[in-house]
Amino acid sequence: MEQQFDSATLGMWVFLLTEIMFFGGMFCAYMIYRSMYSEAFASTSQYMNPKFGAMNTAVLIVSSLTMALGVRAARMGQQKALQMFLIFTMIFGLAFLVIKGFEYHEHWVDMKVPLFGGHWDYSEAPQFARQAQIMFCFYFFMTGFHALHMVVGVGLMTTILIMARRGVFSKAYFTPVEISGLYWHFVDIVWIFLFPLLYLIGRTKQLI
Amino acid sequence: MSTALQDPRVVESPNYLNQEYGWRSWLFTKDHKRIAVLYIISITVMFFIGGLFAGLIRLELLTPQGDLVNSDTYNKFFTMHGIVMVFFFLIPSIPATLGNFFVPMMIGAKDLAFPRINLLSWYIYIAGAIFALAAIVLGGVDTGWTFYTPFSSTYSNTFVITAAVGVFIAGFSSILTGLNFIVTVHKMRAPGMTWGRLPLFVWANYATSLIQVLGTPVVAITLALVGLERAFHIGIFDPAIGGDPILFQHMFWFYSHPAVYIMILPGMGVISELVTCFSRKAVFGYPFIAASSLGIAIIGFLVWGHHMFVTGMSMYASLYFSLLTMLVAVPSAIKVFNWTATMFRGSISFDTPMLYAFGFIGLFTIGGLTGLFLATLGVDVHVTDTYFVVAHFHYVMVGGMVLAYLGGMHFWWPKITGRMYPEGWGRFAALLVFAGFNLTFFPQFITGYLGQPRRYHAYAPEFQVLNVMSSAGASVLGLGYVIPLIYFLWSLKYGPIAGNNPWRAKGLEWETTSPPPTFNFEKTPVVTEEAYAYAGQSTHEKVELT
Amino acid sequence: MSFPLFPEAASSMARTVDYLYLYLTAVTVVMTGLIFAAVFFFAIKYRRRSEHEVPKPIHGSLMLEITWSIIPFIVMLTFFWWGAQIFFENASPPANAIEVYAVGKQWMWKVQYPEGPREINELHVPIGRPVKITLASEDVIHSFFIPAFRIKHDVVPGRYDTMWFTATKPGRYHLFCAEYCGTEHSGMVGWVTVMNEGDYENWLNAGGIEGTMAQQGEKLFEQLGCSTCHLLDQQGGRCPNLRGVYGSHIQLSDGKSVVVDDAYIRESILNPNAKIVAGYKPDVMPTFQGQITEEQLLRLIVYIKSLGAPGAPVASQSGPAARPSSAVANASSRTANTGGKL
């Protein structure tokens, strides 16, 4: 049992290492373009709504807290508390996705979706129009992949909740809770990097 | 050689093959040995598909005019050859088959740490392979296996997305295998199996796993970006809106150069096993070979730019990549020297696996040294993107990896199946492969320096003689591949019973029955000696380590 | 049947590369020979004579490990050093080089000379004079490869690359595209003709019926309407006067400064709003993206270059006398601070 717990946790850490490289590749490409076209990229931050971003950051930080409390409850064998915290975590996760959805809708209304070769208008700052497209592509890729991870996370929470209701976990066995918690925190941390990179850098420059 | 009973009426002991029957028992198995067998079958199929394309390429290149197929078809041939061979044969070849089978056994474990994930990785591989094969059947891909932008993202009219999705998916199979190995080696070693006693094959697979886990996600995201760029017509790598096509190359090679070491490191691990067993002698410089595997894995991540010396990269970047590439050659050299030194005062036999090991040492040396031509800036400018490069990496990939794979298959075949292959045919095929290989690829060094660019459907007439030699060699090589396929299948039914340890080899995998029981060992083994203690108990002559 | 084993050497660089190649080959042969010999010798000498032999283990030797790590590395450093020197030389074209412009396009090479001639899949160069080629791509990545000269450079869309060589032997040599570029990649080949100086001058003069490249550029400059705005002299006009800007430093509206070079002019034509000169407004000039080929861009650049340094007479009608490279050298040294007033 001990060895299994160890293995699963180590396995999750190795998996997160993979995830870091996965996001790292994107972050790296993003930062290279950011330094190549710093002004064009900075100009796009005018169209990012930091209210949504900040709200989502708060939501995720709270969800991390409830997740941590859930793992603690599992460790102490408090099954009811575990289920409650899992439900909270899921609610916050879903709230994040809903807010993200509103935000995407806002970009759509703003004509800031350069996908499918259309829905793109940057006449406010035409000098940056071309390179701002790259920024928005990255924005949608990075937040999209992150949202995908959130969806997987909510799915994981659902599985864990069902397992918890069936009484699978005990003080002695709660490995799945522990490693799902690791995953959840990782996805949160990715957002903690995404938020300043996509929303905040360049906001102070009044280019437009 | 084999001291085993040759009476086919011997009742087989219960083993992983006769435990259960029927297709369900295979497709839903969690036994690492059965999964390894599934992988062996799958990659063999992929190998012959890739080989078929290679044969067609060589057939076309018999004449300089490009008159067998049209240039679109030819471009698809070499692309499919590359994609199938690299992503669906070479990368999974040793880790997913021999590694899957023997890493747990060598460390005295019942299975890998995550048997279900292991099965999942096979299904993911099959899903990826289906996409890749779908791309072939639907009409092919013509971007080259490197998917260079903006050709792949904007200009090609072929099934790039399908193929990229296939590679993307197969990448996750590779990641899961690597993850499984890392956790297994950390957590599942039998009592007494310290890190310093791990067989070098395990070390090599461990180092490979690190690359798989750290490198594969980067190429996955890169190909995802190319696929999305094609699907949504956006311009991450498209110069028309300010994207940088060279950035794609950086991201691609950041994985694909370490991927080269995914392909060769496990082969080196196999050779360490073969050389010791057939010299019946402890390996020379164990800590250096083990450390060099890790060294290659780490430095391998820092040298990707040597694929890009003529792209107009900055001078300092070029110098840096050139110098570090020289550095990464050192651990490879260390391995070759240590294998050779292991043979010194050994008791050397000439069984088929050892013939492959001889071949590997020689051909890998040539492959490695010609790699230095490409790392040397001034020479690389001339030879990059010519047949010199093609020859170089085939010396490493075929002369190295494929020979190691075949050597390993012959070595462990009696353990996997419980039967011996026919030794005479084995030696004959090994010589055929060696001769055919050299005839195929040595002339390509010359055509390369003469200036024949790679991926040419039609070529200048003065290169024809060398190309004909190459094509002739390819047919010999092809024969050399088919013969083992036939006698391996034959031996399943008619091969002599092998016995538990036909080579009198050291290593935990030889201490159990052949084929091994489902949980590998009757009871968990306890390790009390160093690896390769061929002289009975280890004499503990300390290696002078400082 | 005879066939070549070594490529022809027809440039000043070729022999040097060959010597380094031969050195590498020699090291490879010696090393491979040693390994093969050791493997063979051990295999025969220590072949198994009885099934029950148990050789004495030898676990290793630190001295040996260090030796066979350090010595190969030192040898490799010599490769590195020599290779880097050749690479440096490849990357630094001499100032007096003849300029030629080549555009890669699926699947042909289009070559133009400042003196006027244009050709496809052919390149004519004189013997004994350095030639600098500016490379551009219309579509995908190509690679300009002349095996007899031992040089190659990728041609990346969206930017200019340069390479140079000095031909040393008259003859006709292969020109290949070395980076896979699609269907007719293997058809993207041509010939480089190396001629004696006199023949070359004759050949140059026989071409160029449309005038020099600068003249062709000037025509284009008028056709596209650039001249209505970009040649006026008054202060505070709608767009900068292009006379004499080539090679100078100019101040941009965001406070940075750039050198007016080929890449900057290219960008300003395709994406005029990207880097606005200080004192001018964006959105005045339309983009020419998609309306102008890479060849035409190069002609415009050569024309703008020919407008010379500030104060210098317009040299658009001149031949080789007004070699742009010397103009660049002058301009950049003298006009570092004139940009803001343009």
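Keep in mind that what you see is a predicted model, and the values were worked out from it rather than measured.

With respect to the overall build of chain C
Then, in step 1: Of the regular secondary structure elements, chain C holds eight helices and twelve strands.
Then, in step 2: A buried classification covers 41% of the 342 residues belonging to chain C.
Then, in step 3: Considering only contacts within chain C whose residues lie at least 6 apart along the sequence, 68% involve residues at least 24 apart.

Some details on the overall build of chain B
Then, in step 1: Helix and strand counts for chain B stand at 15 helices and zero strands.
Then, in step 2: Against the globule reference of 24 Å for 546 residues, chain B gives a C-alpha radius of gyration of 23 Å, in line with a compact fold.
Then, in step 3: Its C-alpha atoms give chain B principal-axis dimensions of roughly 65 × 55 × 45 Å.
Then, in step 4: When each of the 546 residues of chain B is scored for burial, the buried share is 67%.
Then, in step 5: Across chain B, the fraction of contacts at a sequence separation of at least 24, relative to all contacts at a separation of at least 6, is 85%.

Points about the sheet that holds strand β1 (residues 98-105) of chain C
All names here are of chain C.
Then, in step 1: Read from one edge to the other, the open sheet built from five strands follows the order β3-β2-β1-β5-β8, with strand pairing classed as mixed. The open sheet is flanked by β3 (118-120) and β8 (161-166), the only strands paired with a single partner. Averaged over neighbouring strand pairs, the angle between their axes works out to 25° when direction is ignored.
Then, in step 2: Bridge count for β1 against strand β2 (residues 108-112) is five bridges, and the pairing is antiparallel. The partner of Ala102 across the bridge, within β2, is Val111.

Considering the interface of chain A and chain B
Then, in step 1: Facing 26 residues of chain A, the contacting portion of chain B comprises 26 residues.
Then, in step 2: Of all the elements in the fold, those that place two or more residues in the side of chain A that touches chain B are α1 (2-36) and α5 (129-165) of chain A.
Then, in step 3: Of the residues forming the side of chain A that touches chain B, the biggest block, 15 residues, is contributed by α1(A).
Then, in step 4: Residue composition of the side of chain A that touches chain B, by class: 16 nonpolar, eight polar and two charged.

Looking at the pairing of strand β9 (residues 171-177) of chain C
Residue and element names in this part refer to chain C.
Then, in step 1: Of all seven residues in β9, five are buried, a share of seventy percent or more.
Then, in step 2: With five bridges joining them, β9 and strand β10 (residues 190-195) adopt antiparallel strand pairing. The residue bridging Tyr173 from the neighbouring strand is Val192, located in β10.

Notes on the interface of chain B and chain C
Then, in step 1: In this complex, chain B contributes 83 residues to the contact, which on the side of chain C involves 72 residues.
Then, in step 2: For the side of chain B that touches chain C, the leading source of residues is helix α10 (residues 315-343) of chain B, giving 14 residues.
Then, in step 3: Looking at the side of chain B that touches chain C, its residues break down into 48 nonpolar, 26 polar and nine charged.

Some points on the pairing of β1(C)
All names here are of chain C.
Then, in step 1: For β1, a buried count of eight out of eight residues is recorded, marking the element as mostly surrounded by other parts of the structure.
Then, in step 2: Here β1 shows no split at all, with Ile98, Val100, Ala102 and Gly104 on one side and Glu99, Tyr101, Val103 and Lys105 on the other all buried.
Then, in step 3: Across seven bridges, β1 lies against strand β5 (residues 130-137) in parallel orientation. Counted as the bridge partner of Gly104 is Ser137 from β5.
Then, in step 4: Between β1 and β2, which pair antiparallel and follow one another directly, the connecting turn spans two residues.

Topic: the confidence of the model for chain C
Then, in step 1: Overall, the prediction assigns chain C a mean pLDDT of 84, with 87% of residues at 70 or greater.
Then, in step 2: Predicted complex, confidence summary: ipTM 0.90, pTM 0.90.

Brief notes about the nonpolar core
Then, in step 1: Ranked by size, the top nonpolar core spans 340 residues in total, and within it B:Val84 and B:Ala164 carry the most contacts.
Then, in step 2: Setting aside chain neighbours within four positions, we find B:Ala164 in contact with B:Phe147, B:Leu223, B:Val226 and B:Gly227.

Digging into unusual backbone geometry
Residues and elements named next belong to chain B.
Then, in step 1: Across the junction of Thr149 and Pro150, the peptide omega takes the value -5°, indicating a cis bond.
Then, in step 2: Counting through the fold element by element, Pro150 comes out in the loop between α4 (115-138) and α5 (151-155).
Then, in step 3: In this model, Ser514 is joined to Pro515 through a cis peptide bond whose omega is -15°.
Then, in step 4: Structurally, Pro515 is set in the segment after α15 (464-494).
Then, in step 5: For Arg455, which is not glycine, the phi dihedral falls at a positive 60°.
Then, in step 6: Mapped onto the elements of the fold, Arg455 is located in the loop between α14 (423-450) and α15.
Then, in step 7: You can call Arg455 buried: it has 21 C-beta atoms within 10 Å.
Then, in step 8: If you check the backbone angles, Tyr532 has positive phi at about 60° while not being a glycine.

Thoughts on the packing of helix α6 (residues 160-187) of chain B against helix α7 (residues 200-232) of chain B
All names here are of chain B.
Then, in step 1: Two elements in contact, α6 and α7, have axes whose closest approach is 7 Å; the angle formed by their N-to-C orientations is 155°. By the angle between their axes, α6 is roughly antiparallel relative to α7. Note that α6 runs across α7; the crossing there is left-handed.
Then, in step 2: For the contact of α6 with α7, a count of residues per class yields 21 nonpolar, nine polar and one charged.

What to know about the sheet that holds β9(C)
All names here are of chain C.
Then, in step 1: Judged by pairing direction, the sheet is mixed, and its five strands sit side by side in the order β4-β10-β9-β6-β7 without closing on themselves. Of all strands in the sheet, those bounded by a partner on one side alone are β4 (122-126) and β7 (151-155). Taken over all neighbouring pairs, the strand axes of this sheet differ in orientation by 20° on average, direction set aside.
Then, in step 2: Two elements, β4 and β10, share five bridges in a ladder whose sense is parallel.

With respect to the environment of C:Val30
Then, in step 1: Here C:Val30 is to be found in helix α1 (residues 12-45).
Then, in step 2: Put simply, C:Val30 and C:Arg150 are 120 residues apart on the chain and 25 Å apart in space, counted from C-alpha to C-alpha.

Observations concerning the environment of A:Gln78
Then, in step 1: Note on placement: A:Gln78 falls in the loop between α3 (50-76) and α4 (79-109).
Then, in step 2: Each C-alpha atom of the pair A:Gln78 and A:Phe169 lies 9.6 Å from the other, and the pair is 91 residues apart in sequence.

Section: the confidence of the model for chain B
All names here are of chain B.
Then, in step 1: On average, residues of chain B carry a pLDDT of 91, and 96% of them reach 70 or more.
Then, in step 2: Within chain B, α14 carries the highest mean pLDDT (96), whereas α5 carries the lowest (88).
Then, in step 3: Here residues 1-10 is a poorly scored stretch, pLDDT under 50, and it has 20 contacts once near neighbours within four places are set aside; other chains count.
Then, in step 4: Long-range and interchain partners of residues 537-546, a stretch whose pLDDT sits below 50, account for 15 contacts in this model, where long-range means more than four residues apart.

Describing the packing of α5(A) against helix α6 (residues 175-200) of chain A
All names here are of chain A.
Then, in step 1: For the pair α5 and α6, interaxial distance at closest approach is 10 Å and the crossing angle is 160°. The angle between α5 and α6 places the two elements in the roughly antiparallel class. In terms of crossing hand, the pair formed by α5 and α6 is left-handed. Residues Tyr139, Met142, Thr143, His146, His149, Met150, Gly153, Leu156, Met157, Ile160 and Met163 of α5 pack against Pro176, Val177, Ser180, Tyr183, Trp184, Val187, Val190, Trp191, Leu194 and Leu198 of α6.
Then, in step 2: Within the contact of α5 with α6, the residues separate by chemical class into 16 nonpolar, five polar and no charged.

Some remarks on the environment of C:Met213
All names here are of chain C.
Then, in step 1: Position of Met213 among the secondary structure elements: in helix α4 (residues 213-223).
Then, in step 2: On the basis of neighbour counts, which here come to 28 C-beta atoms within 10 Å, the residue Met213 falls in the buried class.
Then, in step 3: For the pair Met213 and Ile301, spaced 88 residues apart in sequence, the C-alpha to C-alpha distance is 9.5 Å.
Then, in step 4: Apart from residues no more than four positions distant in its own chain, Met213 is found in contact with Gln112, Tyr113, Pro114, Gly116, Arg299 and Val302.

So, α4(C)
Residues and elements named next belong to chain C.
Then, in step 1: Three or more residues of α4 are buried, namely Met213, Ala214, Gln216, Gly217, Glu218 and Phe221.
Then, in step 2: Those residues of α4 that are buried are in contact with β2, α5 (227-230) and α7 (294-306).
Then, in step 3: The positive-phi residue at the C-terminal boundary of α4 is Gly225, with phi of around 85°.

The rules behind each value
Residues numbered from 1 in each chain as written. Chains lettered and ligands numbered in written order. Predicted model: local features only at pLDDT ≥ 70, side-chain atom pairs only at ≥ 80, totals over all residues. Helix = DSSP H or I, 4+ residues; strand = E, 2+ residues; numbered from the N terminus. Buried ≥ 20, exposed ≤ 12 C-beta atoms within 10 Å, placed from the backbone. Contact = placed C-beta atoms within 7 Å. Rg over C-alpha atoms; globule rule 2.2 N^0.38 Å. Pairing = 2+ DSSP bridges. Axes fitted to C-alpha atoms, helices over the stretch in contact; angles between N-to-C directions. Nonpolar A, V, L, I, M, F, W, Y, C, P; charged D, E, K, R; others polar. pLDDT = per-residue confidence, 0-100. Core = buried A, V, L, I, M, F, W, Y, C linked by C-beta atoms within 7 Å. Parallel < 35°, antiparallel > 145°, perpendicular 65-115°, else oblique. Left-handed = near helix turned anticlockwise from the far one by under 90°.

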